[in-house]
Amino acid sequence: MTRNTLIADAAVLQPNLICSPVRAFDVGAELMFADREIETGASGDMTRLILFAKYGF
């Protein structure tokens, strides 16, 4: 069962960085911050770190 709630305020910030230390190899990181408040006054926040590596051949 889902409830419909109205969001009073929300904000998200997602900075990321990608680096290629050697040819065909990429590494990166993204740091995500989020904050939300609904009309009833309930609020929550989130912080998430995402790391990745990619090898292209």
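This one's a predicted model, so the numbers in the text were calculated from it and none came from an experiment.

Scoring rules and cut-offs
Residues numbered from 1 in each chain as written. Predicted model: local features only at pLDDT ≥ 70, side-chain atom pairs only at ≥ 80, totals over all residues. Heavy atoms only, no water. Helix = DSSP H or I, 4+ residues; strand = E, 2+ residues; numbered from the N terminus. Buried < 20%, exposed > 50% of the residue type's maximum accessible area, 1.4 Å probe, protein only. Contact = heavy atoms within 4.5 Å. Lys, Arg positive; Asp, Glu negative; His and termini not counted. Charge placed at Lys NZ, Arg CZ, Asp CG, Glu CD. Patch = residues over 30% accessible without salt bridge, like charges linked within 9 Å, V, L, I, M, F, W, Y side chains within 5 Å. Areas by Shrake-Rupley, 256 points an atom, 1.4 Å probe, with all protein chains shown as cover. Salt bridge = Lys/Arg side-chain N within 4 Å of Asp/Glu carboxyl O. Pairing = 2+ DSSP bridges. Phe/Tyr/Trp six-rings, centres within 6.5 Å; stacked < 30°, edge-to-face > 60°.

## Details of the overall build of the protein
Next, step 1: Helix and strand counts for the protein come out as zero helices and four strands.
Next, step 2: Each helix and strand of the protein, ordered N terminal to C terminal, gives the series β-β-β-β.
Next, step 3: Dimensions along the principal axes, computed over C-alpha positions, put the protein at roughly 50 × 25 × 10 Å.
Next, step 4: Put simply, the protein has 57 residues, and 9% of those count as buried.
Next, step 5: Excluding contacts between residues fewer than 6 apart, the proportion of contacts in the protein whose partners are at least 24 apart in sequence is 35%.
Next, step 6: Averaged over its 5 positive side-chain charges, the protein has a centre that lies 13 Å from the centre of its 7 negative ones.

## Side note on a negative patch on the surface
Next, step 1: Taken together, the side chains of Asp 9, Asp 35, Glu 37 and Asp 45 define an acidic patch exposed on the protein surface.
Next, step 2: Structurally, Asp 45 can be placed in strand S4 (residues 43-55).
Next, step 3: On the accessibility criterion, Asp 45 (65% relative accessible area) is exposed.

## Concerning the pairing of strand S2 (residues 16-22)
Next, step 1: A small share of S2 lies buried, amounting to zero of its seven residues.
Next, step 2: Strand direction decides the pairing type here: S2 and strand S3 (residues 25-38), joined by five bridges, are antiparallel. Bridging across to S3, Ile 18 finds its partner in Gly 28.
Next, step 3: The loop that links S2 with its antiparallel partner S3 comprises two residues; one of these, Ala 24, has a positive phi angle of about 70°.

## A short note on the packing of aromatic side chains
Next, step 1: One pass over the full model with this rule turns up one aromatic pair.
Next, step 2: Measuring from ring centre to ring centre gives 6.3 Å for Tyr 55 and Phe 57, while their planes differ by 25°; the resulting arrangement is stacked.
Next, step 3: Overall, the relative accessible area of 55% leaves Tyr 55 in the exposed class.
Next, step 4: What makes Phe 57 exposed here is its relative accessible area of 91%.

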